[in-house]
Amino acid sequence: MAENLHGRGITVTQVEMLNQVMAPLDFEMAQLLHEEIERNGVKLNLGDGVSSFESRNDRIVVTLASGKTIETSLVILSIGVRPNSELAKNAGLEINRRGGIVVNDRMQTSDPAIYAIGDAAEVEDFILRERTMIPLAGPANKQARIVAGLIAGEDGFYGGTQGSSIVKVFSLTAASTGLNERTLQAKGLKKGSDYHSLIIVQNSHAGYFPERCLMTIKLVFSADGKKIFGAQVVGKDGVDKRIDTLGVAIRLGADIAALTRLEFAYAPPYSSAKGPVNMAGFAAENILTGKVRFAEWNELDGFDPEKVTLLDVREMAECDVFVIPGATVIPFAELRQRLQELDPDKPVITMCAAGIRGYNAARILINHGFNDVKVYPGGMRFYQSTHYQELEPGITMETISDSGHIEKCEVPDASFRLDCSGMQCPGPIMKVFETIKTMKDGQLVEVTASDSGFSRDIVAWCKRTGNTLISNSDHNGETVVVIRKGVERVPRVSETRAMAEGKTIIVFSGDLDRVLASFIIANGAAAMGRPVTMFFTFWGLNVLRKPQKQSVKKTLIESMFGWMMPRGADKLTLSKMNMGGMGTVMMKKVMKDKNVDSLEALMKQAMKAGVKLVACTMSMDVMGIKAEELIDGVELGGVGAYLGDAEESDVNLFI
């Protein structure tokens, strides 16, 4: 109803007492639908049931449990199915707690001469072999055929319902069969010991064939791989084919190995040589054999770069759209040559666009001795959809008039038209980038894309590249955007830092209080996920000196400089009220009493958080400081190294 009313141009609000729509799906899969519903302009109120209705003039005021009110002209109640079993109750037949008519596997009630079928009848759950109520048309019709045969003298029985269902939600299709993970957990089953689950993203047909669409598949199976508990699929195309295949596999008792052996009709317009169901089987097999571990879909919530390395192996064109703050970006093609940049003893979560490169990256790390490696399921595509509320929304050209109807804004005609239908990320973004380069400032380009994430990606891309997004709308399941080439040019995102989020600090002073301030600011910025470079020059170099005297060859003047200057952080003194060192001792005592970290501790925290410490080579030469005298982890560089980072920063400090 929400979709059809919206299609008539009516403003729609959908209220749901649960925290998600479509209860057969697990929450993370339902998030794909939430994103689609809200992207199409329907307002969602989740986890907030209706408390009351009140008629006010010609309007209805709906009060929610939270106290929020919604004023509307029409209310439609869709609150589930309740068995109409009054006739059976009056006949003295056995009724269950939910009002369902109790039957056996021949659909006979407590009176063997009376049969009950359809939504009002209790059935057996095919997976758990427990009694349940599943109101679906397919099972009801099969039950009718069985009962008709029994009445006519034939033999037969009903083998239970596994709950296969499918629904269209705007341009998406959502389907499920069997049990979801939430149900297993409610039954007391534990993930890892009793069951496993996986999420993969696959194309509806061969990746190189036009008009392919991504689909997300979730599979839930026993810890030994002998039983498939259930499956869920969400996507734009080919969902029905895959859910029906998985439903048949469950009904026939297939195990994970059987999914890998299934043989499907293949041609590029219809599938891939290794079909999505095969790929689900391969991924499950990899879990069972220990080749891969998947992170939870929400494992990056509260992500701390100090505790976990998030390794993003996408190409830089993809990272221009969006990068999770704090992530380490190493394109997959460069990973083997840059392994030394990663800590093998630190937990690692690998991520790519849809999961394949993330898996291959994880295998490389494991084979090189990394101890704790997981793959983020479904890649960045799945992360952005499950966290869409936290990310910037796309621009839409739909506005609501006073009458409550949607009005379409006028969009100027474009100078160029670009058809990216069928292209997968980062294809559409790359095509837009190439086209924009050939255009003049102020010209417009209209882009059509079928990639489900393009609507969101193009918003971020335009902001980061200085172009203007004029419109962003959906037409028959495809995204159509109009972009004006902007005048302002913005540098692209570098591998290790997000656009204009870096902080650079020149540490010129060698005074304890000033250096403390420098590291406090640096650690604060690093804690916010910002890249930080500290450039130590002249007296600031003393902070980086090792406390022990090093055996290095120096000239007389260099040796005199080294003897007169403080050696390391512990020897620094205050800029004011030092009083022959007494003030410095008092300051350190107060810091300790107040649980303020020492300068040495702040330095270790900064380096652990990824703060880059750079020693000015020119100043080192002038002051006679050798590289061997500096603490481990310090980089050497000149003013060019500092300016390179400063250009990608929005804060530059001189201390």
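Draft legend 1. Up close: the environment of Pro428. Summarising the element assignment, Pro428 is placed in helix H12 (residues 427-438). Residue classification places Pro428 among the buried residues on the basis of a relative accessible area of 1%. Here the alpha-carbon distance between Pro428 and Ser450, two residues 22 residues apart in the chain, equals 9.1 Å. Each residue touching Pro428, except ones within four places of it in the same chain, is listed here: Cys420, Met423, Ala449, Asp451 and Phe454.

Draft legend 2. Representation of the sheet that holds strand S26 (residues 635-637). One open sheet holds the 5 strands; their spatial order is S26-S25-S24-S23-S27, and the pairing between them is parallel. Single-partner strands in this sheet number two, and they are S26 and strand S27 (649-654). Taken over all neighbouring pairs, the strand axes of this sheet differ in orientation by 25 degrees on average, direction set aside. In the sheet, strand S23 (residues 502-507) pairs with S27 via 5 bridges, with the strands oriented parallel. What sits directly across from Lys503, in S27, is Val651. Against the sheet, helix H14 (residues 512-527) engages S23, strand S24 (532-536), strand S25 (612-616) and S27, with an angle of about 160 degrees to S24.

Draft legend 3. The side chain of Asp125, seen in detail. Looking at where Asp125 falls in the secondary structure, it is placed in the loop between strand S6 (123-124) and strand S7 (131-132). Of the buried charged residues, Asp125 lacks a salt bridge, with Arg129 as the closest side chain of opposite charge at 7.2 Å. The residues touching Asp125, leaving out its near neighbours within four places in the chain, are Glu130, Thr132, Thr161 and Leu179.

Draft legend 4. Layout of the pattern of salt bridges. Summed over the entire model, instances satisfying the criterion amount to 24 salt bridges. Here Arg39 ties to Glu36 by a salt bridge, and the two come within 3.1 Å at their closest N and O atoms. One end of the pair is Arg39 and the other is Glu36, both in helix H2 (residues 27-39) and 3 residues apart, which spans about a single turn. Since its relative accessible area comes to 27%, Arg39 is described here as partly exposed. The partner of Glu299 in a salt bridge is Lys374, with the nearest N and O atoms 2.9 Å apart. Of this pair, Glu299 sits in the loop between helix H8 (276-288) and strand S13 (309-312) while Lys374 sits in strand S16 (residues 373-375), and the two are 75 residues apart along the sequence.

Draft legend 5. Spatial organisation of H8. With 13 residues, H8 should cover 18 Å at 1.5 Å per step; its first-to-last C-alpha distance of 18 Å lies within 8% of that length. Counting buried positions over the 13 residues of H8 gives 10, a clear majority of the element. Residues of H8 that are buried include every one of Pro276, Val277, Asn278, Met279, Ala280, Gly281, Ala283, Ala284, Asn286 and Ile287, and no others. Looking at the buried residues of H8, the elements they touch are strand S10 (195-203), strand S11 (214-222), helix H6 (239-251), helix H7 (256-261) and helix H10 (356-367). Following H8 by one or two positions, Gly290 adopts a phi angle in the positive range, close to 80 degrees.

Draft legend 6. Inspection of the side chain of His34 at higher detail. With respect to the helices and strands, His34 occurs in helix H2. In this structure the side chain of His34 is engaged in a polar contact, spanning 2.7 Å, whose partner is the side chain of Gln31.

Draft legend 7. Highlighting a nonpolar patch on the surface. Residues Val50, Phe53, Leu77 and Ile79 make up a contiguous nonpolar surface patch of roughly 440 Å² in combined accessible area. Residue Phe53 is classed as partly exposed on the basis of its relative accessible area, which comes to 44%.

Draft legend 8. Seen up close, the confidence of the model for the protein. On average, residues of the protein score 87 in pLDDT, and 92% of them are at 70 or above. In the predicted structure, residues 394-409 sits below a pLDDT of 50 and forms 36 contacts with residues beyond four places in sequence or in another chain.

Draft legend 9. Representation of the nonpolar core within the structure. The biggest cluster of nonpolar side chains holds 54 residues, and the ones touching the most others in it are Leu300, Ile324, Val432, Val447, Ile458 and Ile483. Sort the elements by how many residues they give to this core and helix H13 (residues 454-465) lands first, with 6 residues. Ignoring anything within four residues of it in the chain, the contact list for Val447 reads Leu418, Cys420, Val432, Phe454, Thr479, Val480, Val481 and Ile483. By size, the runner-up hydrophobic cluster in this structure holds 48 residues, among which are Leu184, Leu246, Leu259 and Ile287.

Draft legend 10. The arrangement of the environment of Val432 in detail. Of note, Val432 is situated in helix H12. For Val432, a relative accessible area of 1% puts it in the buried group. Beyond its immediate stretch of four places on either side in the chain, Val432 contacts Leu418, Val447, Phe454, Ile458, Trp461 and Ile483.

The rules we used
- Residues numbered from 1 in each chain as written.
- Predicted model: local features only at pLDDT ≥ 70, side-chain atom pairs only at ≥ 80, totals over all residues.
- Heavy atoms only, no water.
- Helix = DSSP H or I, 4+ residues; strand = E, 2+ residues; numbered from the N terminus.
- Buried < 20%, exposed > 50% of the residue type's maximum accessible area, 1.4 Å probe, protein only.
- Contact = heavy atoms within 4.5 Å.
- Pairing = 2+ DSSP bridges.
- Axes fitted to C-alpha atoms, helices over the stretch in contact; angles between N-to-C directions.
- Lys, Arg positive; Asp, Glu negative; His and termini not counted.
- Salt bridge = Lys/Arg side-chain N within 4 Å of Asp/Glu carboxyl O.
- Expected span 1.5 Å × (residues − 1).
- Polar contact = N/O pair within 3.5 Å; in protein donor to acceptor, adjacent residues only side chain to side chain.
- Patch = residues over 30% accessible without salt bridge, like charges linked within 9 Å, V, L, I, M, F, W, Y side chains within 5 Å.
- Areas by Shrake-Rupley, 256 points an atom, 1.4 Å probe, with all protein chains shown as cover.
- pLDDT = per-residue confidence, 0-100.
- Core = buried A, V, L, I, M, F, W, Y, C linked by side-chain atoms within 4.5 Å.

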